[in-house]
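So the chains spell out like this:
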Amino acid sequence: MSTSPKTVVITGASKGIGQATALRFMTEGWRVITCARGPVDASVPRTEHWQDHLLADLTDSSGVEAFIRDVKAALGGQPLHGLINNAGISPKTPFKERLGILNGPIEGWREVFELNFFVPLRLARGLASDLHKARGSIVNITSIAGHYVHPFAGSAYSTSKAALSGLTREMAAELAQLNIRCNAIAPGEIKTEMISPEYEALIPRIPLDRMGTPEDVAALAFRLCSDEFSYITGTEIFVTGGQHLY
């Protein structure tokens, strides 16, 4: 049996949920390959298991294609055990208003869907053969906003995440033929750099009476890629402290 560590690719890993997820896999002994538009802060305690951080702009197709080539080069023909599609965007107006149906350019919707929906699709296609070698797992990071009207998340973001939920089910059905599992995690209010002070008003709607942490999401992402969860595919799990119950 191979003694090489398992390998995971995580997008949007310079901070927040992506960074916490990379650190979780790293501490579990996995080789971690990450990407973001910027570098990982030097203060982040990375070990030899997380040396591959690729600067990549996934907002256009050429950037995605370049990233897939770089990942394959880093793999060197070895299998890929996990793909965490975490990179996403939730734009606001210049006045920090919720981008809705009637305000903001339609082109902005295309930008949101490109990163939040089409990038996971492109990466699943591009890395399918590498995941097949390992009987690997894809985890798409969706959102509670994809299921309920959210007071702060814009319509483009919410509908792109709803679409990603649907894509997760289709991926699970089709990629099962390649022995690739696909699941989704729908976070609620997670305390990251994206959270602004007005989100505090949502805490009374959360049964566990607190915001979640990036580590709460990272723990589930790791388990969904583990052998312990090898019979789970096509699911979307809420990490919301119970907020989705109301």
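What counts, and at which threshold
- Residues numbered from 1 in each chain as written.
- Predicted model: local features only at pLDDT ≥ 70, side-chain atom pairs only at ≥ 80, totals over all residues.
- Heavy atoms only, no water.
- UniProt positions renumbered as here; feature names shortened; annotations may be inferred.
- Core = buried A, V, L, I, M, F, W, Y, C linked by side-chain atoms within 4.5 Å.
- Buried < 20%, exposed > 50% of the residue type's maximum accessible area, 1.4 Å probe, protein only.
- Helix = DSSP H or I, 4+ residues; strand = E, 2+ residues; numbered from the N terminus.
- Contact = heavy atoms within 4.5 Å.
- Salt bridge = Lys/Arg side-chain N within 4 Å of Asp/Glu carboxyl O.
- Pairing = 2+ DSSP bridges.
- Polar contact = N/O pair within 3.5 Å; in protein donor to acceptor, adjacent residues only side chain to side chain.

The name given to the chain in an unreviewed UniProt entry is NAD(P)-dependent dehydrogenase, short-chain alcohol dehydrogenase family, with the source organism recorded as Insolitispirillum peregrinum. Taken verbatim from the UniProt record of the chain, the Sequence similarities (unreviewed entry) comment is "Belongs to the short-chain dehydrogenases/reductases (SDR) family."

### Re the nonpolar core
L58, F67, V71 and I138 are the most contacted members of the largest nonpolar core, which totals 30 residues. Contributing elements (two or more residues each) for this core: β2 (31–36), α2 (61–75), α3 (106–134) and α4 (155–175). Residues contacting I138, with those up to four places away along its chain left out, are L83, N85, A124, L131, M171, L175, I180, R181, C182 and N183. Counting 24 residues, the second-largest nonpolar core is a separate cluster that includes V40, I141, V217 and C225.

### Re the pattern of salt bridges
Under the defined criterion, the tally for this structure stands at 9 salt bridges. A salt bridge links E107 to R110; its shortest N-O distance comes to 3.3 Å. Note that E107 and R110 are positioned in helix α3 at a spacing of 3 residues, about one turn of the helix. For E228, the salt bridge identified is with R223, shortest N-O distance 2.5 Å. For E228, a relative accessible area of 60% gives the class exposed. Taking relative accessible area as the criterion, R223 reaches 32% and is therefore assigned partly exposed.

### Here's the deal with the environment of S160
Looking at where S160 falls in the secondary structure, it is placed in helix α4. Sequence-wise, S160 and F118 are 42 residues apart; in three dimensions their C-alpha atoms are separated by 9.4 Å. When neighbours within four sequence positions are excluded, S160 is seen to be in contact with V112, F113, N116 and F117.

### Some points on the pairing of strand β1 (residues 7–11)
Among the 5 residues of β1, 5 are classified as buried, and the element is accordingly described as predominantly covered. Bridging between β1 and β2 involves 5 bridges; their strand directions are parallel. Counted as the bridge partner of T11 is C35 from β2. Pairing geometry for β1 and strand β4 (residues 82–85), over 3 bridges, is parallel. Bridge pairing in β4 places V9 opposite L83.

### Side note on the environment of T235
One can find T235 in the loop between α5 (214–225) and β7 (236–239). When the C-alpha positions of T235 and S4 are compared, they lie 29 Å apart, and in sequence the two are 231 residues distant. Ignoring anything within four residues of it in the chain, the contact list for T235 reads T168, C182, N183 and A184. At a separation of 2.7 Å, a polar atom in the side chain of T235 contacts the side chain of N183.

### Points about unusual backbone geometry
A negative phi angle is the norm for most residues apart from glycine, just as the trans form is the norm for most peptide bonds. Backbone geometry at R135 places phi at a positive 50 degrees, although glycine is not the residue there. You can see R135 is positioned in the loop between α3 and β5 (137–141). Notably, D209 is not glycine yet its phi reads approximately 60 degrees, a positive angle. Looking at where D209 falls in the secondary structure, it is placed in the loop between β6 (181–187) and α5. With a relative accessible area of 56%, D209 lands in the exposed category.

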